[in-house]
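Survey of secondary and tertiary structure
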Amino acid sequence: MNTSNFRLLLSGLALGVLLALLIAPQTRWLVRLQILPPSAGQSNYERQKKQFVDAHVTDYQVQLAGQTTSYETVKQVQYARSLVSRFPESASLRANILRYALGNFHVYRAENFQLEEMPVPAHLIDPKYPPPTPAEIAAFDADAAAGERLDPNNAYFPLLRMFGLFAAHRDTEALAALQRASQDTLWREYFEDEVEGHWRINDGIYGGREAIASMAISASVLFPHYQHLREIARIVTYKAVLLEQTGHPEAGLALRRQMIHCGELMRGQSTPIIGNLVGMAISGVARSRPGGSDIIHNYPNESLEQTANRRLDNYCTYAASIGHPEAAQEARDSAAAAAQARNVTGHIGQYVFGVSTADLIRGVIALTSGWLIFAAAVCLFALTLLATALSRLPSVRQQMPLPIPVSLGILGGLVLGVALLADYMANTPGQFRFEAALIIGAFFAVVGALAAVPRLRRPIRLSLFAALATLAAAAGAACLAAWQSQEAIGLANSMGGTLSLSGDEAASPHLSLTVQQVQGISLVLFFPVLLAIIFSITARVRHVPVSVGLIGGFRQTGAMLVPLLVLLYGLLTVITVRQEARLNYGLERSLYGEGQYLAQLTGEKWPVR
């Protein structure tokens, strides 16, 4: 088989592999994500998201995630409450409304300071964060009451209802809600429905689920209610202290045990690990200062575990002294379960949302490599086409330097390409299209004016031919390299931010979009530039013009290397799809029980309540 036939066969094989990747459902979404131009950025994503949400009006999870005002608490609550008429029997909707609302709720109670024997500020209310209005409290209480009705065995609703009641200083009703929560046996927060909804929206828009994006969605969920649950625990515990100090030890211990029961439900059943940790903290707060005793501080050279054991012994001694050894045993069982849970959560640095950091790094490397290799193939293909077009010039066939008009045209095309690339990097897609048209139009207006001079017509035609060919190669390939490399480098930065969740702050770089693009373009162009250097050196050794060496080198070598790069991209795509499936499996398992899944991964046992 001669070289020409082999190149033709290799090109056909590469084209067939690329078409197969585009046709197969398992790989089509990834190939489209990597090789098709971006669709006008965030504004277009919001438009596509709205279209998908509007097309699935009966799908609760999609509707819950359909809001476009993430992190704007007031609008989040308004949007979620607008769904109540469509999903009136959804406990999940009420649970998420309460979670959103607590992002804007602030309760100012002296007990938060008094339990720790801290001075109570003269002005509790922070003017930047005004307390909720009576109307807000009433709406919050109505949602919590509806949640209790819809999910009567879930301690989440009565416990969060306490927050609104304490804010309204309806303490008797708040403690009655605690009594109800202490009789429940479940803890479910339903935030998973929001995450699932976002995942499904992305699936609908892109046709598949990219793991890093899915992980970012999980990481973006806020849990403002956890801070407020700690506040509730402090308020309740101080009320227990007051009862114990005024001769009502039974009533005080009862409040503590009710609060510990809720903390234990969270410790064992909350799906995110942070919820498990907050549950442990709530139980610890409820055991503090039994009988109104002094705060047990950490001694110098004493470990935190030793201090915690002294506090536990103090509580157990008090409970036994008032005739409740069973409460002391419950506390010791609770502490033992918390220690077992901490053994599991101690491995959190090795995993992020159920995904090992090693798997995460491998997945990102595979994904970014595919982006960069395909962009390099496109750039090399553009250079090969340009070299093939220039090789038809008589001067190149005679191995002579390029005519001056052609060289000027190439230079002009390169300048235009760089200008278009800079404009692409600096503007939104719509503005880029407008300014690109102006730049190209001005260039060809000048060329047209020069072409009106008769003696310049033939040189201008040569120059225009070279400029068009160079512009098509340079601007098209460079802009493609810019957005693809931007995605690849941005993905690597996202991975660094995600890894920082596990405590590795050094892995979280903060780079501007322009820096990301410049880095990525440098990576994409490294291979073509390296080839250009090799061809230039070879031309000098052979004593032929450098321009002739570059044109011949890219024309002959590109036809072989471009299909090879496409085949390598195809192999990486298959590897990436498999890796993405593994990562997504871990994310899904972690979403519905991060602690339990982490225990399974590490061979530990999770202490379920």
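Anything mentioned here points back to the structure above.
Residues numbered from 1 in each chain as written. Predicted model: local features only at pLDDT ≥ 70, side-chain atom pairs only at ≥ 80, totals over all residues. Heavy atoms only, no water.

**Digging into the overall build of the protein chain**
Within the protein chain, the secondary structure is distributed over 25 helices and two strands. Expressed as a percentage of contacts within the protein chain between residues at least 6 apart in sequence, the contacts between residues at least 24 apart total 74%. For the protein chain, the accessible surface area stands at approximately 28500 Å², while carbon and sulfur atoms represent 62% of it. (Helix = DSSP H or I, 4+ residues; strand = E, 2+ residues; numbered from the N terminus. Contact = heavy atoms within 4.5 Å. Areas by Shrake-Rupley, 256 points an atom, 1.4 Å probe, with all protein chains shown as cover.)

**Section: the environment of Leu8**
Mapped onto the fold, Leu8 is located in helix H1 (residues 3–23). Exposure remark for Leu8: the relative accessible area of 61% places this residue in the exposed category. Along the sequence, Leu8 and Ala559 sit 551 residues apart, while their C-alpha atoms lie 8.6 Å from each other. (Buried < 20%, exposed > 50% of the residue type's maximum accessible area, 1.4 Å probe, protein only.)

**A closer look at the nonpolar core**
Formed by 77 residues in total, the largest nonpolar core has its most connected members in Leu93, Met162, Leu229 and Met259. At nine residues, the largest contribution of residues to this core is made by helix H9 (residues 156–167). When sequence neighbours within four positions are dropped, the list of residues in contact with Met259 reads Leu159, Leu178, Ile232, Ala233, Val236, Ile282 and Ala286. Among the nonpolar cores identified, the runner-up in size contains 27 residues, and Leu21, Leu380, Leu390 and Leu402 belong to it. (Core = buried A, V, L, I, M, F, W, Y, C linked by side-chain atoms within 4.5 Å.)

**Observations regarding the packing of helix H5 (residues 73–82) against helix H6 (residues 91–101)**
At their nearest, the axes of H5 and H6 sit 9 Å apart, and the two run at 165 degrees to each other. Between H5 and H6, the crossing angle belongs to the class labelled roughly antiparallel. When the axes of H5 and H6 are compared, the crossing they make is left-handed. Touching Thr73, Gln76, Val77, Ala80 and Arg81 of H5 are Leu93, Ile97, Tyr100 and Ala101, all from H6. For the contact of H5 with H6, the class distribution of residues is six nonpolar, two polar and one charged. (Axes fitted to C-alpha atoms, helices over the stretch in contact; angles between N-to-C directions. Parallel < 35°, antiparallel > 145°, perpendicular 65-115°, else oblique. Left-handed = near helix turned anticlockwise from the far one by under 90°. Nonpolar A, V, L, I, M, F, W, Y, C, P; charged D, E, K, R; others polar.)

**Description of unusual backbone geometry**
The backbone of Glu117 sits at a positive phi, close to 55 degrees, despite the residue not being glycine. Among the secondary structure elements, Glu117 is positioned in the loop between helix H7 (111–114) and helix H8 (134–150). At Tyr190, a residue that is not glycine, the phi angle is positive and equals roughly 65 degrees. Assignment of secondary structure puts Tyr190 in the loop between helix H10 (171–181) and helix H11 (192–206).

**Concerning a nonpolar patch on the surface**
The grouping of Leu525, Val529, Ile533, Ile537 and Val541 at the surface amounts to a nonpolar patch, some 440 Å² of accessible area in total. Following the sequence through the fold, Leu525 ends up in helix H23 (residues 513–542). A relative accessible area of 32% places Leu525 in the partly exposed class. (Patch = residues over 30% accessible without salt bridge, like charges linked within 9 Å, V, L, I, M, F, W, Y side chains within 5 Å. Salt bridge = Lys/Arg side-chain N within 4 Å of Asp/Glu carboxyl O.)

**Some details on the pattern of salt bridges**
Pairs can form between side chains of opposite charge once their charged atoms are near each other. Throughout the structure, instances matching the rule amount to 25 salt bridges. A salt bridge links Arg200 to Asp59; the shortest N-O distance between them is 2.2 Å. Taken together, the residues span a long stretch of sequence, with Arg200 in helix H11 and Asp59 in the loop between helix H3 (41–54) and helix H4 (60–64) at a distance of 141 residues. When its relative accessible area of 30% is taken as the criterion, Arg200 is described as partly exposed. Here Arg362 ties to Asp359 by a salt bridge, and the two come within 2.3 Å at their closest N and O atoms. In this pair, Arg362 and Asp359 are both assigned in helix H18 (residues 357–390), three residues apart and thus about one turn of the helix distant.

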